[in-house]
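Coordinate inspection notes
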Amino acid sequence: MKTLLPVLFCLLFSITAARATSLKGYVYDQKTGEALVGASVLLEKTDRAVLTGLDGSFEIKHPPAGTFTIKVSYLMYKTFSQQINILKENNPVVKIFLSETKDAELHEVMISAKNDGSAEKTARRIEQKSPQLVNVVSGRAMEVSPDLTVANVIQRVSGVSVERSSSGDGQYAILRGMDKRYNYTLVNGVKIPSPDNKYRYVPLDIFPSELLERLEVYKTLNSNMEADAVGGAINMVMKDAPDKLQLKVNLATGYSQLFMDRGFTSFNTNGINRKSPYEMNGKDYKATQLDFPKGTIDYSSKHPAPGLVGGLSIGRRFLDNKLGVLLAGSYQNTYRGSNSTFYNSSNIDTDPFATITSREDRQYSEQQQRYGTHAKLDYAFNPRHKLSLYNAYVNLQSTQLRDSKQTDFSSGYNQESGNAKLNYETRSRFIEQQIFNTTLQGEHQLIPKQLKLNWSAVYSSAKNDVPDQSTINILGIRENFAERKTVVQSIGDVYTRRWERNTEEDKAGYLDLTYTLPIAGVNVDFSAGGLYRDKQRSSFYNSYTLTPTTQNLEYGKDFNNYGDISWTVKNPAGAVNNPLTYDASEKISAGYGMFKLNAENLEVIGGLRVEHTDQGYHMLFPAGELRPTGKQVYTDYLPSMNLKYKLSKKEQLRASYFRSLNRPGFYELIPGGGNREEYKERGNPDLKRALADNFDLRYELFPNGTDQLMAGAFYKNIQNPIEYTFQADATRGQDTYYVPGNFGTAKNYGLELDYIKFFHQFGIKANYTYTHSRITTTKTYRVRDANGDLQPLSTNQSRPLFGQSAHIANISLLYKDSKKGWDAQLAASYTGERINTISQFLNNDLWQKGFIQMDASAEKKFRNNLSVFVKAGNLLNTPLKLFIKGTNEKNLQTTAQEFDGNTLIRNDYYKQNYLLGLRYKL
């Protein structure tokens, strides 16, 4: 009788109108009310058997009338059986609630087991139970999505847009209109360093999504979280050991439509020297052309082999579930590229509006090889003490060749005849980025249910290596639309070889202590803890310039490839004596105090965090700089408060406030200048940190374990926001540099909507974010005086923050047929127009046109644990378009394009990408 009572209480009926000769119902988790997807529903003594859909629903069509036993089973749940009376028509809708097995209940208590962390229902539960505002993408959702990297996955989250690389794939995340610099990245709750050569933010395209159990995007912070996040924090929760042996293997191949239509141009990477002649032979060595292998200028064009994507993970628990072991690896070899058109504009010092002076056609060909490994060991000594060891390593190698041809409109150009001066440039570049993290964590219940201690010891490193980058410029002449000859001349930097490398090393320790004390019948958690991190960065830069020994060489006559040319090294000692070779350090110590109060329907979490920053740099070759060393030391007091009020079991209201900061990157403080391809740039040793007050309000509805509706608003007041502008520098001969600076106060506010709904086999995920920001900066413009000369004047102009789009939206249409093993998804993302580059001149900022990207995926499962999947990206061949608002009549004399009353500056097309593969699960 005791065993029958729980079962009897699990059966609830609600009667609604139903079609004749069908039996409909839903299957839920008894404890949480979550819909159970894929539960088996059997009508005994018949051939009627179905699986529940995405919303936990099922329908048995045309059942025979009479009394039958309905049997419902689901992994880790007690099998449910109950007699029901089936009528010829108007059968009631059955609601069945399953309870977990005793083993499952025990697992929930024991520290060695858990729910499936990659399931959709786990993601929804975390969003509901989390003390902060968070959006979660489950591992299962990533698996069946069209995305291969974390950078592409995160664009599906509300309030998040991505900045794309030259290959068209996502690379950096922009949260709530706050540029990528305003968020930080965690692995299993621990901050990782960035391999970026200039900034703090982490390129998310380095992480294969299949290594993750789930992706968490925190919109608000508590005092026990690091505070340098104005936009939010991204936490990648890596795969964990399952209770039973689990093996997952996938192998896929794919192709880019771009290279079906044209060749893939590349070079011989075996000829790359990892170190410059200066490093290999000493500072007094004089380099010759023999020190520069010809592989990087040995170009070839052909259709590439198909891409290859593979992954493997295996894990289980041993020793009566005390020991957990998981190993996971991923390899991706893909070919990407773009066809690009640039329109270069004149110096506005001599023209009040940008005049197009040249057109540059570029073709990018890029091979991306992405490696990732993750290993975890955890051991539970007993229910009170547990140790975990995480290790993660990711590596991205990019082999890119950029081939360009520039047509000069400024002199000798005639649109009718086609006469023009041409400039050809080819750049071959190999980049290797890598991140390594190892974390040892301890969880200890010193006094059961009263005193808890958690700690972490962390070592992380990151590296960005660009060895032996080669760039060659040659001149040509075109007459009557036919290229008459191409000539190599020693004008400017004809041929350069460059080495660039930076390394970053973090050593950190975390400590958190929580004491639970009953006050007035309510348990209150008092927490205190701290952090110490020692970060060391080293940066190296060196370059050599070569010119042809013989001048005015003609292609096809004097040479057929660049390896045939004899070169002279202009600077045989190299150019290591530059401001970009430096060492830097940062030491952060932090402490916090926090309380958590749960009183019936109200949860309150409040606290204060104190962070002390000691950041400095040392230029190894000051080259006459007045400030070869620099240091910034400051302390910030950062309060936070999170409130959560339960309106009912299924709906709640959240309110939040937190104060946060954004520190300058090391490179941004270095005063020396550097030459980039399109502009010069330098740092600003007086750059201040930005401070922000952040407010949030959100309503949440969770009608069941899979559906949700969330509507929220946010407001941010940012003091000394950091933005980049072009500025003239009188100390450097009035040269114009792209420089970071602080710009008063900025405001950023917006609305967010999240909606998830499943209808049996169909589902919809949709979100929309409206963001409005304003910052006021000084702009320069020119007016003519009485003599007709242009004179500079200044004025203030308000604009949105860099990278902020007013409108961002996502919609995914889902289909799942558990019985037949089908999963399918059509996903579309919209990103509104946003500023891409900030100009020093009035009304001359460079904007990116709003765009829609559409992707699709599908998977078919078979009975032998094997499935076939397909992914397709950029179905609409969505381009990147950059423009200046307004037009200039002078541009009509060139081939520059205008659209929507604006002047087009850049136009990139990437074409579609396809992937077909097999997946096996045990």
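So, how was this worked out
- Residues numbered from 1 in each chain as written.
- Predicted model: local features only at pLDDT ≥ 70, side-chain atom pairs only at ≥ 80, totals over all residues.
- Heavy atoms only, no water.
- Helix = DSSP H or I, 4+ residues; strand = E, 2+ residues; numbered from the N terminus.
- Buried < 20%, exposed > 50% of the residue type's maximum accessible area, 1.4 Å probe, protein only.
- Contact = heavy atoms within 4.5 Å.
- Areas by Shrake-Rupley, 256 points an atom, 1.4 Å probe, with all protein chains shown as cover.
- Pairing = 2+ DSSP bridges.
- Axes fitted to C-alpha atoms, helices over the stretch in contact; angles between N-to-C directions.
- Core = buried A, V, L, I, M, F, W, Y, C linked by side-chain atoms within 4.5 Å.
- Salt bridge = Lys/Arg side-chain N within 4 Å of Asp/Glu carboxyl O.
- Phe/Tyr/Trp six-rings, centres within 6.5 Å; stacked < 30°, edge-to-face > 60°.
- Lys NZ or Arg CZ within 6 Å of the ring centre and 35° of its normal.
- Patch = residues over 30% accessible without salt bridge, like charges linked within 9 Å, V, L, I, M, F, W, Y side chains within 5 Å.
- pLDDT = per-residue confidence, 0-100.
- 1 Å grid on protein atoms, 1.4 Å probe; cavity = no way out; pocket = protein on both sides within 12 Å on 5 of 7 lines; lining within 4 Å.
- Points joined across faces, edges and corners; volume = space filled by probe spheres on them.

**Description of the overall build of the protein**
A count of helical and extended segments in the protein gives eight helices and 52 strands. The proportion of buried residues among the 922 residues of the protein is 55%. Long-range contacts, defined here as pairs at least 24 residues apart, represent 71% of the contacts in the protein between residues at least 6 apart. Taken as a whole, the protein presents about 38,800 Å² of accessible surface, with 55% of it coming from carbon and sulfur.

**Quick word on the sheet that holds strand β13 (residues 190–191)**
Read across the open sheet, the five strands follow the order β9-β14-β15-β12-β13; overall the sheet is mixed. A strand with exactly one partner marks an edge of an open sheet, and here the two such strands are β9 (134–138) and β13. Where strand β12 (residues 183–187) and strand β15 (residues 232–238) come together, five bridges link them in parallel fashion. Across the sheet, residue Tyr184 finds its bridge partner in β15, namely Ala233. Along the sheet, helix α3 (residues 120–129) contacts β9 and β14 (212–218); its crossing angle with β9, the most-contacted strand, is approximately 170°.

**Things to note about the nonpolar core**
By size, the foremost hydrophobic cluster in this structure holds 32 residues, and its most contacted members are Ile154, Phe207, Leu212, Leu215, Met236 and Ile435. Elements supplying a minimum of two residues to this core: α4 (139–144), α5 (150–153), β10 (160–164), β11 (170–175), β14, β15, β20 (323–345) and β22 (385–408). Not counting residues within four places of it along the chain, the set of residues in contact with Ile154 comprises Val160, Val162, Ala173, Leu204, Leu215, Val217 and Ile234. If you look at the next biggest cluster of nonpolar residues, it comprises 22 residues, including Tyr582, Tyr667, Ile718 and Ile722.

**Examining the pattern of salt bridges**
Taken as a whole and judged by the stated rule, the model has 59 salt bridges. When the shortest N-O distance is used, the salt bridge between Lys644 and Glu603 registers 3.8 Å. Of this pair, Lys644 sits in strand β32 (residues 629–646) while Glu603 sits in strand β31 (residues 602–619), and the two are 41 residues apart along the sequence. Glu603 gets classed as buried once you look at its relative accessible area, which sits at 11%. Among the ionic contacts, a cluster of salt bridges with common partners joins Lys191, Glu226, Asp228, Glu504, Asp506, Arg533, Lys535, Arg537, Arg609, Glu611 and Arg663.

**Focus on the packing of aromatic side chains**
Enumeration over the complete set of coordinates arrives at 21 aromatic pairs. Between the aromatic rings of Phe259 and Phe264, the centroid separation amounts to 5.0 Å while the plane-to-plane angle is 75°, which identifies the pairing as edge-to-face. Each member of the pair, Phe259 as well as Phe264, is classed as buried. A cation over an aromatic ring shows up here: Arg362 above the ring of Phe342, its NZ or CZ 4.0 Å from the ring centre. Here the basic side chain of Lys885 rests over the ring of Trp847, its NZ or CZ set 3.9 Å away from the ring centre.

**Thoughts on a nonpolar patch on the surface**
A cluster of nonpolar residues, Leu602, Met641, Leu643, Tyr645, Leu647, Leu653 and Leu697, forms a patch on the protein surface that exposes about 560 Å² of accessible area. If you tally residues by element for the nonpolar patch, the top one is β32, at three residues. On the secondary structure map, Leu647 appears in the loop between β32 and β33 (651–662).

**Some words on the sheet that holds strand β3 (residues 40–43)**
Spatial ordering of the open sheet is given by β4-β3-β6-β7, a layout of four strands whose pairing is antiparallel. The open sheet has two edge strands with one neighbour each: β4 (49–51) and β7 (80–86). Within the sheet, the average angular offset between the axes of one strand and its neighbour, ignoring direction, is 20°. Of the strand pairs in this sheet, strand β6 (residues 66–73) and β7 are connected by seven bridges, and their pairing is antiparallel. Bridging from a neighbouring strand, Gly66 pairs with Ile86 of β7.

**Thoughts on the confidence of the model for the protein**
Residues at a pLDDT of 70 or more form 89% of the protein, whose mean pLDDT is 87. Note on residues 103–114: pLDDT under 50 across the span, and 24 contacts to partners over four residues away in sequence or across chains. Counted against residues more than four places away or in other chains, residues 348–352, with its pLDDT under 50, gives 13 contacts.

**Focus: empty space enclosed by the protein**
Under the defined criterion, the tally for this structure stands at eleven cavities of 30 Å³ or more. In this model, the largest cavity occupies a volume close to 510 Å³. As for the largest cavity, its lining consists of 43 residues, and the residues nearest its centre are Asn152, Asp169, Arg336, Gly873 and Asn913. For the lining of the largest cavity, the secondary-structure elements that each account for two or more residues are β16 (246–256), β19 (307–318), β20, β21 (356–382), β47 (851–861), β48 (866–873) and β52 (913–921). With five residues, β20 is the largest single contributor of residues to the lining of the largest cavity.

**Examining the pairing of strand β42 (residues 790–799)**
Of the strand pairs in this sheet, strand β41 (residues 762–784) and β42 are connected by ten bridges, and their pairing is antiparallel. From the neighbouring strand, Val783 faces β42, where its bridge partner is Gln791. Connecting β41 to the next strand, β42, in antiparallel fashion are five residues, including Gly788 with a positive phi near 85°.

**Concerning α3**
In terms of burial, α3 is largely enclosed, as eight of its ten residues are buried. Along α3, the positions that sit buried rather than exposed are Glu120, Lys121, Thr122, Ala123, Arg124, Ile126, Glu127 and Gln128.

**Here we look at unusual backbone geometry**
Backbone geometry follows two general trends: most residues other than glycine have a negative phi, and most peptide bonds adopt the trans configuration. Of note, His760 is a non-glycine position whose phi angle comes to about 55°, a positive value. By the element assignment, His760 lies in the loop between β40 (745–759) and β41. Looking at His760, the relative accessible area reads 25%, which means it is partly exposed. A positive phi is found at Asn877, a non-glycine position, where the angle reads about 50°. Tracing the backbone shows Asn877 in the loop between β48 and β49 (880–885). Given a relative accessible area of 15%, Asn877 falls into the buried group.

**Focus: the side chain of Gln132**
Looking at where Gln132 falls in the secondary structure, it is placed in the loop between α3 and β9. Exposure remark for Gln132: the relative accessible area of 7% places this residue in the buried category. Not counting residues within four places of it along the chain, the set of residues in contact with Gln132 comprises Tyr218, Thr220, Leu221, Asn222, Met225, Asn642 and Arg654.

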